[in-house]
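A look at the structure
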Amino acid sequence: MTIKIDVDMSLCQHYGQCVFEAPEVFTLNADDKLEYVAEADESLRHNVEAAVDVCPMQAIRIVE
Ligand code: SF4
């Protein structure tokens, strides 16, 4: 089972809070821009949900 993740990059301000919650999914690249994987293992759902909660821009969505 996997979960699908969508980040609205027009909202994302690249603060990186999500990176702390789910580093397996979210990273900041060398230019401090957010990169993420669009599909992750179900076992990471809890971490991704934490990232959704912590994102100050409410830019992250789990696509059911
Ligand atoms: S926490 Fe939200 S605004 Fe910050 S980098 Fe992650 S998706 Fe972007």
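Above: the structure in question.
Residues numbered from 1 in each chain as written. Predicted model: local features only at pLDDT ≥ 70, side-chain atom pairs only at ≥ 80, totals over all residues. Heavy atoms only, no water.

Glancing now at the site of the ligand. Around the ligand lies a shell of 13 residues, among which Cys12, Tyr15, Gly16, Cys18 and Cys55 are the nearest. The cavity where the ligand resides is the largest cavity. (Near = heavy atom within 4 Å. 1 Å grid on protein atoms, 1.4 Å probe; cavity = no way out; pocket = protein on both sides within 12 Å on 5 of 7 lines; lining within 4 Å. Sits in = over half its atoms within 2 Å of the grid points.)

Let us now look at the sheet that holds strand S4 (residues 39-41). In space, the three strands of this open sheet follow the order S4-S1-S5, with antiparallel pairing throughout. Either end of the sheet is taken by a strand with one partner, and the two such strands are S4 and strand S5 (60-63). Recorded for the sheet is a direction-independent mean angle of 35° between the axes of neighbouring strands. (Pairing = 2+ DSSP bridges. Helix = DSSP H or I, 4+ residues; strand = E, 2+ residues; numbered from the N terminus. Axes fitted to C-alpha atoms, helices over the stretch in contact; angles between N-to-C directions.)

Now for the pairing of strand S1 (residues 2-7). Across the two faces of S1 the burial differs, with Ile3, Ile5 and Val7 buried and Thr2, Lys4 and Asp6 not buried at all. Pairing of S1 with S4 involves three bridges; the strand directions are antiparallel. Looking at the pairing, threonine 2 lines up with aspartate 41 of S4. In terms of strand pairing, S1 meets S5 through four bridges, oriented antiparallel. Across the sheet, residue isoleucine 5 finds its bridge partner in S5, namely isoleucine 62. (Buried < 20%, exposed > 50% of the residue type's maximum accessible area, 1.4 Å probe, protein only.)

On their own, these measurements won't tell you what the molecule is for.
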